[in-house]
Amino acid sequence: MKIVIVGYGPGGAAAAVAARMFSSESDIKILTDETLEAHKKPGASLALEFPDTEKLSINDWSVAALAEKRIEVLSGTRVEAGDPVTKTLQIVNGNGASVLKFDRLILATGGIPNVPNIPGIALQGVFTIQTLADTRAIGKQLSGMSTIVIIGAGFSGLETAERMINLGKETHMVVRSRLMRRQLEPPMSAELRSRLPRSFKLHLGSSPTEIVGDQHVVGVSIGDEIIDADAVLFMTGVKPNTTLAQSLGVRIGDLGGIIVNEQMQTSEHDIFAVGDCIEMKDTYTGKNILLPIGSMAARCGRQAGVAAVGGKKIYADTSKRLQYDRLFGIDVVCIGHSSTTANDLGVKTVVQYVEDPIEFSKTALVLDSNGRLIGGQVIASRQGARLGYEILERVESGVILKDQPLLKPRHERLLEYLENSFGPIQ
Ligand SMILES: Cc1cc2nc3c(=O)[nH]c(=O)nc-3n(C[C@H](O)[C@H](O)[C@H](O)COP(=O)(O)OP(=O)(O)OC[C@H]3O[C@@H](n4cnc5c(N)ncnc54)[C@H](O)[C@@H]3O)c2cc1C
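Note that the coordinates shown come from a computational prediction; the quantities given were computed from them, not determined experimentally. (Residues numbered from 1 in each chain as written. Predicted model: local features only at pLDDT ≥ 70, side-chain atom pairs only at ≥ 80, totals over all residues.)

**Student:** How should the overall build of the protein chain be read in this particular structure?
**Tutor:** Along its length, the protein chain carries 11 helices and 26 strands. Its C-alpha atoms give the protein chain a radius of gyration of 23 Å, within 12% of the compact-globule value 22 Å for 426 residues. For the protein chain, the spread of C-alpha atoms along the principal axes amounts to about 80 × 60 × 40 Å. A burial count over the protein chain gives 41% of its 426 residues as buried. A separation of at least 24 residues holds for 64% of the contacts in the protein chain among residues at least 6 apart in sequence. (Helix = DSSP H or I, 4+ residues; strand = E, 2+ residues; numbered from the N terminus. Rg over C-alpha atoms; globule rule 2.2 N^0.38 Å. Buried ≥ 20, exposed ≤ 12 C-beta atoms within 10 Å, placed from the backbone. Contact = placed C-beta atoms within 7 Å.)

**Student:** Sorry if this is basic, but what is going on with the sheet that holds strand β18 (residues 258-259) here?
**Tutor:** Across a sheet, strands are paired by hydrogen bonds formed along the backbone, either parallel or antiparallel in direction. Strands sit in the order β18-β20-β21 across an open sheet of three strands; the sheet is mixed. Each of the sheet's edge strands pairs with one partner strand only, and the pair in question is β18 and β21 (288-289). Where strand β20 (residues 278-281) lies against β21, two bridges are found, and the strand directions are antiparallel. The residue bridging M280 from the neighbouring strand is I289, located in β21. (Pairing = 2+ DSSP bridges.)

**Student:** Teacher, can you tell me more about the pairing of strand β15 (residues 225-228) here?
**Tutor:** The side chains of a regular strand alternate between the sheet's two faces. Of the strand pairs in this sheet, strand β14 (residues 217-222) and β15 are connected by four bridges, and their pairing is antiparallel. Looking at the pairing, S221 lines up with I226 of β15.

**Student:** Where do I start with the domain arrangement of the protein chain in this structure?
**Tutor:** One widely used convention gives an interface's size as the accessible area the parts lose upon coming together. Per the domain assignment, the segments of the protein chain are domain 1 (2-42 + 58-111 + 241-308), domain 2 (115-234) and domain 3 (329-412). Relative to domain 3, the C-alpha centre of domain 1 lies at a distance of 33 Å. Contacts between the two partners involve four residues from domain 1, matched on the other side by four residues from domain 3. Tallied by class, the residues present in the side of domain 1 that touches domain 3 amount to one nonpolar, one polar and two charged. (Domains from an automatic or database assignment. Nonpolar A, V, L, I, M, F, W, Y, C, P; charged D, E, K, R; others polar.)

**Student:** How do you make sense of helix α4 (residues 132-141) when you look at a structure like this?
**Tutor:** Residues that lie three or four places apart on an α-helix share one face, since the helix turns once every 3.6 residues. Of the residues making up α4, those classed as buried are L132, T135, I138 and G139. Taken around the axis of α4, the buried residues stretch over an arc of 125°, which confines them to a single face. Taken together, the buried residues of α4 touch α2 (46-49) and β9 (126-128). (Arc of directions from axis to C-beta.)

**Student:** Please explain the sheet that holds strand β1 (residues 2-6) as it appears in this structure.
**Tutor:** Strand order in the open sheet formed by five strands is β3-β2-β1-β7-β19, with parallel pairing between adjacent strands. The sheet terminates laterally at β3 (71-74) and β19 (271-273), the two strands that pair on one side only. Across the sheet, the axes of successive neighbouring strands diverge by a mean angle of 20°, strand direction being ignored. Here strand β2 (residues 27-31) runs beside β3; their pairing, made up of four bridges, is parallel. Within β3, the position partnered with L31 by the bridge is L74. Strands β1, β2, β3 and β7 (104-107) of the sheet are contacted by helix α1 (residues 10-22), whose axis makes an angle of about 175° with β2. (Axes fitted to C-alpha atoms, helices over the stretch in contact; angles between N-to-C directions.)

**Student:** How do you make sense of the environment of G257 when you look at a structure like this?
**Tutor:** In this fold, G257 is placed in the loop between α7 (243-248) and β18. Of the residues examined, G257 has 26 C-beta atoms within 10 Å and is grouped as buried. Residues G257 and L367, spaced 110 residues apart in sequence, show a C-alpha to C-alpha distance of 28 Å. For G257, the contacting residues outside a window of four places in its chain are P240, T242, I252, C277, I278, E279 and L290.

**Student:** Mind showing me how you'd approach the nonpolar core here?
**Tutor:** Proteins that are soluble and globular tend to have nonpolar side chains buried together. Of all hydrophobic cores here, the largest spans 56 residues; its most connected members are V149, I150, A229, A231, V232 and L233. There are two domains that each give this core at least three residues, and those are domain 2 (115-234) and domain 3 (329-412). In this structure, A229 is in contact with T147, I148, V149, V217, V218, G219 and V220, ignoring residues within four places of it in sequence. (Core = buried A, V, L, I, M, F, W, Y, C linked by C-beta atoms within 7 Å.)

**Student:** For this particular structure, what's the right way to read the pairing of strand β6 (residues 96-101)?
**Tutor:** With zero of six residues buried, β6 is to be regarded as a mostly surface element. Alignment of strand β5 (residues 88-93) against β6, held across six bridges, turns out to be antiparallel. In the strand pairing of β6, V92 is matched with A97. Connecting β5 to the next strand, β6, in antiparallel fashion are two residues.

**Student:** Explanation requested: the packing of α1 against helix α8 (residues 294-308) in the structure shown.
**Tutor:** In a packed pair of helices, the relevant descriptors are the angle between the two axes and the axis-to-axis distance. In contact at an axis separation of 7 Å, α1 and α8 are set at 35° when each is read in the N-to-C sense. The element α1 and its partner α8 pack so that their crossing is right-handed. Facing P10, G11, G12, A13, A14, A15, A16, V17, A18, A19 and F22 of α1, the residues of α8 in contact are G294, A297, A298, C300, G301, R302, A304, G305, V306 and A308. (Left-handed = near helix turned anticlockwise from the far one by under 90°.)

**Student:** How should I be thinking about unusual backbone geometry in this particular structure?
**Tutor:** Residues other than glycine predominantly adopt negative phi, and peptide bonds predominantly adopt the trans conformation. Despite not being glycine, K87 shows a phi value in the positive range, around 55°. Inspection of the secondary structure assignment puts K87 in the loop between β4 (78-83) and β5. For K87, a count of 18 C-beta atoms within 10 Å corresponds to the partly exposed category. Within the chain, F328 stands out as a residue other than glycine whose phi angle is a positive 50°.

**Student:** Explain helix α10 (residues 384-397) here, please?
**Tutor:** Taking 1.5 Å per residue, 14 residues should reach 20 Å; α10 reaches 20 Å between its end C-alpha atoms and fits that length. For α10, the full list of buried residues reads G384, L387, G388, I391, R394 and V395. The buried residues of α10 occupy an angular sector of 125° when projected down its axis, which confines them to one face. Buried residues in α10 make contact with β22 (322-327), β23 (330-336), β25 (361-368) and β26 (373-380). Immediately downstream of α10, the backbone of G398 shows phi near 65°, a positive value. (Expected span 1.5 Å × (residues − 1).)

**Student:** What should I look at first to understand the environment of L322 in this one?
**Tutor:** Mapped onto the fold, L322 is located in strand β22. Separated by 27 residues in the primary sequence, L322 and S295 place their C-alpha atoms 6.6 Å from one another. Not counting residues within four places of it along the chain, the set of residues in contact with L322 comprises S295, I335 and L392.

As structure tokens, this is what we get:
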């Protein structure tokens, strides 16, 4: 069977490896218009600070490692269009144009940066970061620049800001409402904000109305104020890249992503799709959502790889947020729904907060009206991932939080420890 995968990000690479695990005979090819080997996009901002870094490579998914699994990567190969009836793709690479046949196709074509349509957006010095090649090129141009304005306050925007501050740049961030609005509860946003360096200039509650400049950017207008800028980085998320999917005639949803079922199969029987290019059902509400994050792409990729070679295995929920980052020296972890994402889907929530002031951590636990834990967030000086894992376990098993509490206050844990060691303490 010929399995063709378009896209060499986490979705495509995970799909290829899973397909091979479940089918030793299939001919598996990955096509990508990029020319770099598999690399970590989470963390790609490292290449702003160190453009030539090798630390972003993913060895298990390198061209050589995949070749050992008899998975061929055709780099520098663009898929222009496809036909689901003849099961062919029109491809263009260094050898010119040709046609490639498939039995099963997996689309892992990622996202396209979401950039607002405002005056000046095409000026020199205005950037988005989508590929590692972009990031390296921007990193090399930054040396002559001193003031950087970042638009957007999600994980990648904040990661980028940290790099800019490390490079000694005057760094501004324009934030429509508050830091990480969709991922963090308001008190968690405020906690994160209180831990940022004072030199980092936040413009909360602002949106860019114009990028100012003649040929090259000189500033960003936010209403009445203009922030001087040598470069502007838009870190405002992505929308699904469905150009190829549309040429194949697969169904696209109201949110703009490719519609898939729980096996990642599209409206065409032999075409699957994963990652930033899809929209999928949130398992808690059954409503469609977009979740453009790497961990979701890899989980969906594994599912699609198995299904494409005829496997029946269904992986546990692919639609939950699972994000961890270390920002400005603190762990930030987001699991499942925040009250914002849940409320957007019509779910009422109650949020409980637990703080450990000694070894600093602040945790938000998001419950539905039945007391079921549906998400949580952690900001911690260290071990945030461990706390996040405890939340994830409970979210995945759908427990009522009071039946399986976690994160007892430190004095209660200490009392428990002493009582377990020495017997009851009056
Ligand atoms: C700076 C940055 C930081 C991030 N940080 C995090 C993070 O901390 N945590 C996290 O979970 N996620 C993070 N993300 C998001 C994460 O990188 C994406 O969700 C993930 O890469 C999506 O994987 P994917 O496989 O769907 O697509 P991508 O990784 O976007 O790959 C798409 C692939 O499709 C190929 N392609 C598209 N169209 C064609 C075509 N017509 N022909 C040939 N090839 C084509 C491209 O060349 C590429 O190889 C970050 C993203 C960025 C940009």
